[in-house]
Amino acid sequence: MSSLSRELVFLILQFLDEEKFKETVHKLEKESSFFFNIRYFEETVTNGEWDEVEKYLSGFTKVDDNRYSMKIFFEIRKQKYLEALDKGDHAKAVEILRKDLKVFSTFNEDLFKEIAMLLTLQNFRENDQLSKYGDTKSARAIMLVELKKLIEANPLFRDKLQFPSLKNSRLRTLINQSLNWQHQLCKNPKPNPDIKTLFVDHTCGQPNGARAPSPVTNQLMGPIPKVGGFPPIGGPGPFQHAPAPLTTSLAGWMVNANSVPHQAVSVGPMGLTPPNNADSEHVLKRSRAFGLPEEVNKLPVNILPIVYPGQSHAHSSNSADDLPKNVVANLNQGSAVKSMDFHPVQQTLLLVGTNIGDISVWEVSSGERIEVRNFKVWDLGACTMTLQASMVNEYTASVNRVMWSPDGNLFGVAYSKHIVHLYAYHGGNDLRNHLEIDAHVGGVNDLAFSHPNKQLCVITCGEDKAIKVWDAVTGVKQYTFEGHEAPVYSVCPHYKENIQFIFSTAVDGKIKAWLYDNMGSRVDYDAPGHSCTTMAYSADGTRLFSCGTSKEGESFIVEWNESEGAVKRTYLGLGKRSVGVVQFDTAKNRFLVAGDEFKIKYWDMDNVNLMTSIDADGGLPASPCIRFSKEGTLLAVSTSENGVKILANTEGIRQMRSMENRAGASSKAPIIGTFGASGSAAGPSVGTDRNSPMGAMISLNGDSRNLPDVKSRISEEMEKSKIWKLTEISEQSQLRSLRLPDSLLSVRIIRLIYTNSGSSILALAYNAVHKLWKWQRSERNVTGKATAAVPPQLWQPSSGILMTNDISETNLEEAVPCFALSKNDSYVMSASGGKISLFNMMTFKTMTTFMPPPPAATFLAFHPQDNNVIAIGMEDSSVQIYNVRVDEVKTKLKGHQKRVTGLAFSNALNCLVSSGADAQICVWSLDGWEKKANKFLQIPSGRSSNPLAQTRVQFHQDQTQFLVVHETQLAIYEASKLECIKQWAPRESTSAITDATYSCDSQSIYASFDDGSVCVFISAGLRLRCRISPTSYLPSNPSSRVYPLVITAHPTEANQFALGLTDGGVHVMEPLEAEGKWGTVPPQENGTGPAAQDNSSR
């Protein structure tokens, strides 16, 4: 349908609405599928008109279109089912289960069984996950909130949720204009024409009966002067969504920020309860049926206990037993702690900043200080003269704030002098300088991370009364917000629906809110007591809290009513004469905690009265620094003896023990033996780990800290280096290995990948058939992730179809199969020498095919910033940049001499790296796609290379270095300079590398060889740490030569990988549970061994 036809439908919809043809309006909305009337949808859901709800939805989407649609239909049918059970109508419930919910058993049989089991209960609220199910009205309201988020995020509803802004009675106006125009053509126009029909063109009657020519067919018509026309055809008000007037409330101003980018919603798991929605990736626009949305990470399907938002929580549900109150570890930091933050993913990693500018990363389960950095200006010459002058007088600064980025790959440090440091963290003790920003004049009081405009930014505030937003990758300043009349004390970025904003507080107690524009602050409020205040949201982002201390020492902790800009509740129990500013934190959607009066104080969010307070065995300062872990199971609190205490609840204790067991015999700081509430107070008896690599502390500014016996530690390390031995695994009892069950034809595996969720493995075989294995949750596999301990299911949809690539007119021996998986595992793009196919991973249906050969596609990679753009390596040596949505090749990159066999994007460097069978690497800029550099691999002496050997590339987690894999070598390159910094070659000239990959944390490299062996390297330096013989995982059969062709690493389990074999088998490999890792780390002085070549000097 043309654009004008589409607009005509909108005009008709407006007319029908104005004329009160309600049923017809909604029928046309559904049949045209141009406009999804969310108000009508809300009305039908609220009234429980389930048949009409699904009938209306069916005009826009079907249940198996994508994961968003599936979740929408599941929530509706689940609610209908629960309502039937609530009414005691079991016959109706059985019918719904059989007709409506059965379809979802294909995707999660366990969930379907769980739902069916509700029939056996007297009251389904006896199920733990449904214990807080309220009445029908509130349940529908809660579900409706979730449905609206899913609809807004679903790409099939893109551009269908907003009715165009039309003036009242637009169709009537156009008809009037047409009649006026026609009337102007009359040779003898009447002053008051009489309109009797609109079915034919108007003309005033002529004396002789003649008619004027139709304006539609008169090709010689010139400009026509305006004459008096018809009175307008009247009509009621407009059918449009007018924006709300600007308000000054905390929530009201958000409604009007239409220019702020939309934040997408996660498609959470299907379950008995509504899932929590996390801040996640954005959904990309699309106009073609096969244009891919930029999806969010798929979460594993599970039934999760959750508290219904908006319902009041019984106080008993938030038991004091759930609070982290047991002291389980003491960490000796050595200087006064100023700020702390737990890692968002590795929740036993704690980042600490101190009053002398030190920052430390601690593994709290073992008490090991993994890394420490002292305060230092990285490039003083690049800083302002003001900062340089201040450094002359006193070359030190205090840490005011430390914070991890949302993914834990970066952390920021705000100092009391001008600057902010951003560090890149790559796991273990791999900590690298990332950015130094001379951010403010004077101290930087706070920093936070946010994602405006789809890019990671860091927000800072300081004594110069300004708030600034910086690109976290480049350090370029994006915005400056000015308007505070006093130094800005804290910032709190957040988003609601499609609005991104920042709260800021100043030392004079003023609270302001800003959008990412240059329009100034949107609100201006006073904090209770005009206090120096920090603000924080609950984990689900629905409740806003603040805590502050006035000049007189009176402290306040309150919850805000955003819609009114007023305090909703004030919590009782804080001191009236606090020393310093009281710090606070929130745990999930349940608890508040504050450090005050030498104690830790806890509140239930729904009860203003103090829940409990503890002194953590004593030794706390008057206003201790505190921080919850993300899950609220651990709590870090600073001590008066320059240390940190770690407190845990029952789950936190289990978490600590699990990490401690995994660490094995590694050295530990004092851990309270019983994990009980009692334990020794922090003090001189609690020392640092003597064997910790960061145990040696420096005396600075008179700070006397415990110094370990450095000589002893060095001698121990030397002794270790003498006895280190490469780990050789040759027996099946030395590892965990699982060959995946396969009932299909066994054909050699050409490509292999884990899904992003980590719960499935996808393989592409030589015969162009895809195989998908899925792990389910069970008692033996509570996470539902891929594991060698439990066999998965070879999954197929109920239709029984296979995902098979187009291989018509294809010579499979010459083809180079390739595939790429979408970010939420919903789609796979694949080719086996023929057309590129796009498959739906849930239904296995071919959504479309495109780009028929020649030339054939040989490698596929999604653009990191636009999921509708893919880079395609081609058989003819070119790289084509193809836009799926508009079905168009945007540009062709030419630089290789043979087929392209590898592609990798770097967001950090804004570049694409390509590799080919010509053993050449090229670097292309994403801005303009020009070639920036190229280099040929250095083939090791004495080695001959197959002229068509594939060269593959993969970026390190830091996005600056990349791994090159060739049959003759592994190499690490620095992308910005295209410089080879390390190279490794097999010792035996007869052994060739078949594939290699980084582990998910980039700390290891797994490489497979054509003799069946697998080697595990330390990625830093390409040091070999473990060799796995084929006898450990393959049955002995001298007559057959079986070896891995491809290797892939689990996306979250750093020590798990999978192999695709020449006999069609797929093996999942893990170290023994008691070991926890592959071999032992070789000492640095051991070098890379005789088989390695160090090219750092080349």
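A brief structural summary.

Reading the values: rules and limits
- Residues numbered from 1 in each chain as written.
- Predicted model: local features only at pLDDT ≥ 70, side-chain atom pairs only at ≥ 80, totals over all residues.
- Heavy atoms only, no water.
- Helix = DSSP H or I, 4+ residues; strand = E, 2+ residues; numbered from the N terminus.
- Buried < 20%, exposed > 50% of the residue type's maximum accessible area, 1.4 Å probe, protein only.
- Contact = heavy atoms within 4.5 Å.
- Areas by Shrake-Rupley, 256 points an atom, 1.4 Å probe, with all protein chains shown as cover.
- Patch = residues over 30% accessible without salt bridge, like charges linked within 9 Å, V, L, I, M, F, W, Y side chains within 5 Å.
- Salt bridge = Lys/Arg side-chain N within 4 Å of Asp/Glu carboxyl O.
- Pairing = 2+ DSSP bridges.
- Axes fitted to C-alpha atoms, helices over the stretch in contact; angles between N-to-C directions.
- Phe/Tyr/Trp six-rings, centres within 6.5 Å; stacked < 30°, edge-to-face > 60°.
- Core = buried A, V, L, I, M, F, W, Y, C linked by side-chain atoms within 4.5 Å.

This part covers the overall build of the protein chain. Check the secondary structure of the protein chain and you find twelve helices and 58 strands. Within the span of the protein chain, comprising 1098 residues, buried residues form 55% of the whole. Once local pairs closer than 6 in sequence are excluded, the contacts in the protein chain between residues at least 24 apart make up 56%. Carbon together with sulfur atoms contributes 50% to the accessible area of the protein chain, which is approximately 46,700 Å² in total.

A word on a nonpolar patch on the surface. Together, Ile195, Leu198, Phe199 and Val200 make up an exposed nonpolar region whose accessible area comes to about 440 Å². We classify Val200 as exposed; its relative accessible area is 53%.

What follows is about the sheet that holds strand E13 (residues 477–482). Whenever strands of a sheet pair, they do so through backbone hydrogen bonds, lying parallel or antiparallel. Pairing in this open sheet of four strands is antiparallel, and the strands run E10-E11-E12-E13 from one edge to the other. Of all the strands in the sheet, just strand E10 (444–450) and E13 have a single pairing partner and so form its edges. Strand after strand, the sheet turns through a mean of 20 degrees between neighbouring axes, direction not considered. Two elements, E10 and strand E11 (residues 457–462), share six bridges in a ladder whose sense is antiparallel. Pairing of Leu447 across the sheet is with Thr460, part of E11.

What follows covers the sheet that holds strand E8 (residues 419–425). The antiparallel open sheet is built from four strands, whose spatial order is E6-E7-E8-E9. The open sheet is flanked by strand E6 (399–404) and strand E9 (431–438), the only strands paired with a single partner. Put simply, the sheet's adjacent strands are angled 20 degrees from each other on average, direction ignored. Judged from the five bridges that link them, E6 and strand E7 (residues 410–415) form a sheet pairing that is antiparallel. Bridge pairing in E7 links Trp404 to Phe411.

The next subject is the packing of aromatic side chains. For the structure on display, the rule yields 30 aromatic pairs. Seen in terms of ring centroids, Trp404 and Tyr425 are 5.5 Å apart; in terms of plane orientation they differ by 70 degrees. Their pairing is edge-to-face. With a gap of 21 residues between them, Trp404 in strand E6 and Tyr425 in strand E8 connect regions that are remote in the sequence. Residue classification places Tyr425 among the buried residues on the basis of a relative accessible area of 4%.

Before going further, it helps to spend a moment on the nonpolar core. Among the nonpolar cores identified, the biggest contains 54 residues, and Phe41, Leu57, Tyr81 and Leu101 are the most heavily contacted of them. Listing elements by their share of this core, those giving two or more residues are helix H3 (38–46), helix H4 (50–57), helix H5 (67–86), helix H6 (90–101), helix H7 (109–117), helix H8 (136–153), strand E32 (760–765) and strand E35 (818–821). Broken down by element, this core gets its largest block of residues, ten residues, from H5. Residues contacting Leu57, with those up to four places away along its chain left out, are Phe36, Phe41, Ile72, Phe73, Ile76 and Phe157. Counting 29 residues, the second-largest nonpolar core is a separate cluster that includes Ala424, Leu435, Ala448 and Tyr516.

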